[in-house]
Amino acid sequence: MDLVAGVDSSTQSCKVVIREAESGRLVRQGTAPHPPGTEVDPERWWEALQQAVAEAGGLADVAAVSVAGQQHGLVCLDGRGSVIRPALLWNDTRSAGAAADLVAELGDGDGTQGAERWAAAVGSVPVASLTIAKLRWLAQHEPEHASALAAVALPHDWLTWRLSGATNLDTLVTDRSDASGTGYFDASANEYRLDLLAMALQANPTAVHRLVLPRVLGPREAAGSGDPGLGYGHLQLGPGCGDNAGAALGLLLRPGDTSVSLGTSGVVASVSATPTADASGLVAGFADATGHYLPLVCTLNASRVLDATARVLGVDHEGLSRLALAAAPGAQGLVHVPYLEGERTPNLPNATGSLHGMTLASMTRENLARAAVEGMLCLMADGIEAVRSQGATVDRVTLLGGGARSAAVRAIAPSVFGLPVVVPAAGEYVADGAARQAAWVLSGSDEPPQWSAAESEVRTAAPSPQVLEQYHQAARQVAR
């Protein structure tokens, strides 16, 4: 029985799952932490991958492996393939000004016109998170590093390259889902927009044409073999994917299916057969890992809102849930607008979190816990509405990520979303999606393997529009 491995190289950790290629049965798994911060030496990812692989029992009996990774991170390589500087991660907001400049420049100084042109060109409007904004920041603030740039990779591209043992930059590969999050790849035409890249780097087109960009592979196209020097020569390498596309593939979501993932970031993603182009910038027009599209809303703040509140209250997550569920919906008017790291959607990179409606009656531990859960979920509810505005039909959502383990989140989400909420059994769905992709590459079939679906529960509750309304009133004050 062939085995396959899936890797989830996320912001906080590296997870490896090993599954049977035919049935999808979980055989073993491992994990290792990543260092904190918004910029990280990619070598730390490689060390974590090796540690997670070792904890998972190694890859000696594995036939294929694929890597899903955090999106947008800028990995700068020189002509020898060496990393020039620590990778700038998606949650590094220092490039917010660069993103605004890019939008204005494409519109000849008109930000509204620029947003429309960006959306039409690549499906997304630049914000601080996107790779293209980080490249502009690099050109402006570290010109010596920009001038040394020979290749630009994303986190999953770089890890796949390291697994191959290659040193030639021309062997770098990526996939359509991750490339679609750069801001310089058109997922509809399946081509890089070198003109936009040249504008970002403030370089002449000839110089940009010399820059190596990873070759974009198809959903089940092999990326080559593993490094014999590491004992990986027997491995087939999958093309990999972005983490959100990996989660969708792990759950085998089809066009029309929508997920809400509560991890370091909060993500609303809806699989679509057609591309989107949202000039408001709320919805990013990404691709998925199967050949479809993945219109997506991403927030900077999700499960860490719960982490921070639990820390303030001196409880663990179970204790936070008990407190939140002991309070009434609406937390007696206490509202938490959870922009603890600024925010990406809405685009408020310099905002901070805030509490509204503080009174002698509302300022209780129970209400504070409830307000944190409701604030995070209201932020995601706005993401669901933004995806709907792009033509997605959302009749129910699948709830994923570490935040979904919270009993309070599972109980409160249906009333805030106004929708049935499907909660699959806890699992590593990003890594599972990468493993499914590896099995797909191994099989050579037209469709990904149809592994048995994970057990799930469906939660329903009466909608609570008043909770959303008081949140929106408070959020509008922050936006001003």
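Residues numbered from 1 in each chain as written. Predicted model: local features only at pLDDT ≥ 70, side-chain atom pairs only at ≥ 80, totals over all residues. Heavy atoms only, no water.

Novice: Just checking my understanding: could you explain the pattern of salt bridges for this structure?
Specialist: Opposite charge on two side chains makes pairing possible when the charged atoms of those side chains draw close. Summed over all chains, the structure comprises 24 salt bridges. The shortest N-O distance in the salt bridge between Glu20 and Arg25 comes to 2.9 Å. A relative accessible area of 13% places Glu20 in the buried class. The salt bridge partner of Glu105 is Arg136, with a shortest N-O separation of 2.8 Å. On the criterion of sequence distance, the pair formed by Glu105 in helix H2 (residues 96–106) and Arg136 in helix H4 (residues 131–141) is long-range, its members being 31 residues apart. Look at Arg136 and you get buried, because its relative accessible area is 1%. (Salt bridge = Lys/Arg side-chain N within 4 Å of Asp/Glu carboxyl O. Buried < 20%, exposed > 50% of the residue type's maximum accessible area, 1.4 Å probe, protein only. Helix = DSSP H or I, 4+ residues; strand = E, 2+ residues; numbered from the N terminus.)

Novice: For this particular structure, what's the right way to read the sheet that holds strand S18 (residues 293–299)?
Specialist: Through backbone hydrogen bonds, the strands of a sheet pair up, either in parallel or in antiparallel fashion. In space, the 7 strands of this open sheet follow the order S17-S18-S16-S15-S21-S22-S23, with mixed pairing throughout. Pairing within the sheet leaves two strands with one partner each, and these edge strands are strand S17 (284–287) and strand S23 (456–459). Taking each pair of neighbouring strands and ignoring which way they run, the sheet shows an average axis angle of 30°. As paired elements, strand S15 (residues 258–262) and strand S16 (residues 266–270) share 5 bridges and run antiparallel to each other. Counterpart to Leu262 in the pairing with S16 is Gly266. Along the sheet face, helix H10 (residues 243–250) touches S16, S17, S18 and strand S21 (397–400) and points at about 120° away from the line of S18. (Pairing = 2+ DSSP bridges. Axes fitted to C-alpha atoms, helices over the stretch in contact; angles between N-to-C directions. Contact = heavy atoms within 4.5 Å.)

Novice: Hey, could you run me through helix H6 (residues 155–164) in this one?
Specialist: Residues spaced three or four apart along an α-helix face the same direction, because each turn holds 3.6 residues. Burial of H6 is extensive: 9 of the 10 residues sit out of reach of the surface. Just downstream of H6 lies Gly165, where phi reads positive at about 75°.

Novice: Would you take a moment to explain the packing of aromatic side chains for this structure?
Specialist: Each aromatic ring pair is described using two quantities: the centre-to-centre distance and the angle formed by the ring planes. Per the stated rule, a full pass over the model turns up 2 aromatic pairs. Relative to Tyr192, the ring of Phe185 lies with its centre 5.4 Å away and its plane at 70°, an arrangement referred to as edge-to-face. Looking at Tyr192, the relative accessible area reads 21%, which means it is partly exposed. An aromatic cluster is present here, built from Tyr184, Phe185 and Tyr192 joined pairwise through their rings. A cation over a ring is seen here: Arg94 above Trp137, with NZ or CZ 4.9 Å from the ring centre. Arg176 extends its terminal NZ or CZ atom over the ring of Tyr293, reaching a point 4.7 Å from the ring centre. (Phe/Tyr/Trp six-rings, centres within 6.5 Å; stacked < 30°, edge-to-face > 60°. Lys NZ or Arg CZ within 6 Å of the ring centre and 35° of its normal.)

Novice: Would you mind showing me how to read unusual backbone geometry here?
Specialist: Excluding glycine, most residues fall at negative phi; most peptide bonds, likewise, are trans. The residue after Thr345, namely Pro346, is reached through a cis peptide bond having omega 5°. As for its position among the elements, Pro346 is in the loop between strand S19 (335–337) and strand S20 (354–356). The backbone of Asp108 shows a phi angle near 55°, a positive value even though the residue is not glycine. By the element assignment, Asp108 lies in the loop between H2 and helix H3 (111–122). A positive phi is found at Leu252, a non-glycine position, where the angle reads about 50°. By the element assignment, Leu252 lies in the loop between H10 and S15.

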